[in-house]
Amino acid sequence: MDHNTDFEDIRPFHDHEVPAAINLLLRDPGFVMFTRFLFPTVNKSDLFRSFRTIQTVKEFQEKFALTAIDSIIKRTVKGLTYNGQNLLDKASSHLFISNHRDIILDSALLNYILFKNGFETSELAIGENLLLSPFITNVVKLNKSFTVMRNGSSRELYDYSKRLSAYIRYTLNEKNTSIWIAQREGRAKDCDDRTQVGLLKMLMMASEAMPGNALELLHIAPFSVSYEFDPCDMLKAVELYYKEKQLPYERTPEIDTESMLTGISGPKGRIHLEFTPRISDRDVPYDTEGNLNDWLKELANYIDQRIHQSYMLWPTNYAAYDMLHKTERFSGEYTADELAYFTKYLTEKAAMAPSDTDKDEIIRLMLVMYAFPLRNKLGI
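Residues numbered from 1 in each chain as written. Predicted model: local features only at pLDDT ≥ 70, side-chain atom pairs only at ≥ 80, totals over all residues. Heavy atoms only, no water.

1. Remarks on the overall build of the protein
Phase 1: Looking only at helices and strands, the protein has 15 helices and 7 strands in total.
Phase 2: Against the globule reference of 21 Å for 380 residues, the protein gives a C-alpha radius of gyration of 21 Å, in line with a compact fold.
Phase 3: A principal-axis box enclosing the C-alpha atoms of the protein has dimensions of 65 × 60 × 45 Å.
Phase 4: Looking at the 380 residues of the protein, the share that counts as buried comes to 53%.
Phase 5: Here the contacts in the protein between residues at least 6 apart in sequence split such that 77% fall between residues at least 24 apart. (Helix = DSSP H or I, 4+ residues; strand = E, 2+ residues; numbered from the N terminus. Rg over C-alpha atoms; globule rule 2.2 N^0.38 Å. Buried < 20%, exposed > 50% of the residue type's maximum accessible area, 1.4 Å probe, protein only. Contact = heavy atoms within 4.5 Å.)

2. Observations regarding the packing of helix 7 (residues 154-174) against helix 8 (residues 197-204)
Phase 1: Put simply, helix 7 and helix 8 touch, their axes get as near as 7 Å, and they point 70 degrees apart. Judged by the inter-axis angle, helix 7 sits roughly perpendicular to helix 8. Here Ser-161, Leu-164, Ser-165, Ile-168 and Arg-169 of helix 7 lie close against helix 8, whose contacting residues are Met-202, Leu-203 and Met-204.
Phase 2: Classifying every residue of the contact of helix 7 with helix 8 gives 5 nonpolar, 2 polar and 1 charged. (Axes fitted to C-alpha atoms, helices over the stretch in contact; angles between N-to-C directions. Parallel < 35°, antiparallel > 145°, perpendicular 65-115°, else oblique. Nonpolar A, V, L, I, M, F, W, Y, C, P; charged D, E, K, R; others polar.)

3. Considering empty space enclosed by the protein
Phase 1: Tallying each qualifying case throughout the model produces 1 cavity of 30 Å³ or more.
Phase 2: Estimates place the volume of the largest cavity at around 140 Å³.
Phase 3: Around the largest cavity, the lining comprises 14 residues; the ones closest to its centre are Arg-101, Cys-191, Tyr-227, Asn-317 and Pro-373.
Phase 4: Every element with two or more residues in the lining of the largest cavity is listed here: strand 6 (220-227) and helix 15 (359-378).
Phase 5: Each residue belonging to the lining of the largest cavity can be placed in one class, and the counts come to 9 nonpolar, 3 polar and 2 charged. (1 Å grid on protein atoms, 1.4 Å probe; cavity = no way out; pocket = protein on both sides within 12 Å on 5 of 7 lines; lining within 4 Å. Points joined across faces, edges and corners; volume = space filled by probe spheres on them.)

4. A short note on the nonpolar core
Phase 1: In this structure, Leu-95, Phe-146, Leu-203, Leu-299, Phe-342 and Ile-362 are the most contacted members of the largest nonpolar core, which totals 67 residues.
Phase 2: Sorting elements by how many residues they give to this core places helix 15 first, with 11 residues.
Phase 3: One finds Ile-22, Phe-39, Ile-103 and Ala-182 within the second-largest nonpolar core, a separate group that totals 55 residues. (Core = buried A, V, L, I, M, F, W, Y, C linked by side-chain atoms within 4.5 Å.)

5. Considering the packing of helix 2 (residues 29-38) against helix 3 (residues 44-51)
Phase 1: Following both chains from N to C, one finds helix 2 and helix 3 inclined at 115 degrees, their axes separated by 11 Å at the closest point. Classified by the interaxial angle, the pair formed by helix 2 and helix 3 is roughly perpendicular. In this structure, helix 2 crosses over helix 3, and the sense of that crossing is right-handed. Contacts between helix 2 and helix 3 involve Phe-31, Val-32, Thr-35 and Arg-36 from the first element and Lys-44, Leu-47, Phe-48 and Phe-51 from the second.
Phase 2: Residues belonging to the contact of helix 2 with helix 3 are distributed by class as follows: 5 nonpolar, 1 polar and 2 charged. (Left-handed = near helix turned anticlockwise from the far one by under 90°.)

6. Considerations on the environment of Ile-181
Phase 1: Within the secondary structure layout, Ile-181 lies in strand 5 (residues 179-182).
Phase 2: If near-sequence neighbours (up to four positions away) are discounted, Ile-181 is found in contact with Leu-95, Phe-96, Ile-97, Ser-98, Ala-125, Leu-199 and Met-202.

7. Regarding the pairing of strand 3 (residues 123-127)
Phase 1: Among the 5 residues of strand 3, 5 are classified as buried, and the element is accordingly described as predominantly covered.
Phase 2: What you see with strand 3 is no split at all: Glu-123, Ala-125 and Gly-127 on one side and Leu-124 and Ile-126 on the other are buried throughout.
Phase 3: With 2 bridges connecting them, strand 3 and strand 5 associate as parallel partners. Residue pairing for strand 5: Glu-123 is matched across the bridge by Ile-179. (Pairing = 2+ DSSP bridges.)

8. Remarks on helix 10 (residues 233-244)
Every α-helical turn comprises 3.6 residues, leaving residues that sit three or four positions apart pointing alike.
Phase 1: With 12 residues, helix 10 should reach 16 Å at 1.5 Å per residue; the first-to-last C-alpha distance of 16 Å fits that figure.
Phase 2: Buried residues dominate helix 10, accounting for 10 of its 12 residues.
Phase 3: Within helix 10, burial applies to Asp-233, Met-234, Leu-235, Lys-236, Ala-237, Val-238, Glu-239, Leu-240, Tyr-241 and Tyr-242.
Phase 4: Buried-residue contacts for helix 10 involve helix 11 (253-265), helix 14 (336-351) and helix 15.
Phase 5: Among the residues trailing helix 10, Gln-246 stands out with phi positive, at a value near 55 degrees. (Expected span 1.5 Å × (residues − 1).)

9. Considering the pattern of salt bridges
Phase 1: Scanning the entire structure with this criterion turns up 20 salt bridges.
Phase 2: We note a salt bridge from Glu-185 to Arg-150, for which the minimum N-O separation is 3.8 Å. With Glu-185 in the loop between strand 5 and helix 8 and Arg-150 in the loop between strand 4 (145-148) and helix 7, this residue pair connects regions lying 35 residues apart in the sequence.
Phase 3: Relative accessible area serves as the criterion here: at 47%, Glu-185 is assigned to the partly exposed category.
Phase 4: Since its relative accessible area comes to 27%, Arg-150 is described here as partly exposed.
Phase 5: For Glu-239, the salt bridge goes to Lys-243, with nearest N and O atoms at 2.9 Å. Placement of the pair is Glu-239 and Lys-243 together in helix 10, with a separation of 4 residues, close to one helical turn.
Phase 6: The class for Glu-239 is buried, based on a relative accessible area of 3%. (Salt bridge = Lys/Arg side-chain N within 4 Å of Asp/Glu carboxyl O.)

Structure follows, in structure tokens:
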């Protein structure tokens, strides 16, 4: 396989493409507005002067992407914690698979933490549906993102999946570069985080080795990301509401843009990332006499267990369960003030939902979302 040509529509930018991409960004009105949104207190001339010196992907990440995440954390996060980074090997690549809450921040926080701890940053999977404008495409490709195609005929998607699988193998094993990919296509709107078997099938496609050996070469390292408050909770609840009621709902570019900006700018309370060790073939042994699909389901369940057990549960999760089930089972995990604040928060969020929605139902759906991490961790 000629890696210089077969991955052209998938791969991030190479260093030699960076200056031209930066020049395009600096002339793009959308990018100019985006920088004002990200860096409201920074002088635009000083910022752009710094951007013009960028020559490599690493410099772009340090001067723009990681700086932007630092700004977002300071403005919208009460505390960022993480654990388990000592389980990772700085000399080796990892395929980071996580639950998916926020379009941008899940992977951005991963790279922020990796960078802060002396690791190389990961390449990041992004759906083609989120490449909503030329400037977004340039920004994500500068930020080590590769494209996951979502549209096409069955044959086109099959052929693309084979190339994506080959690209991931190549990146992990030949470039020795880590990758982040969500455990499923799109965010789990109800927060019931489950790894899609189809994702694991795609990852296995490029390997001619036995499944157990193929698993070893993937270097899968699951991790969880836990938000105390999800800025997009009401938007997700509205989508669930329309689908439950079988009302018309179409994910438009405008909805995706709103979700991205809300996720960036909205208050998140505390956030925790918990890393777990790489999965080996000893964790999920493959029986050569067994069924491949059954083994992939077992692997998906094992990844889910890793993610579920490493959640950080917040007062919002405990309170949501009690409110949803009209119980005081977890009342010792939150104070009266925390319960009152969360109740007020949900009511105010529901009031912002479209006028054709039932606000009590929107609150119920948000409670389901906040309760699921607890249910999955405790198995209730």
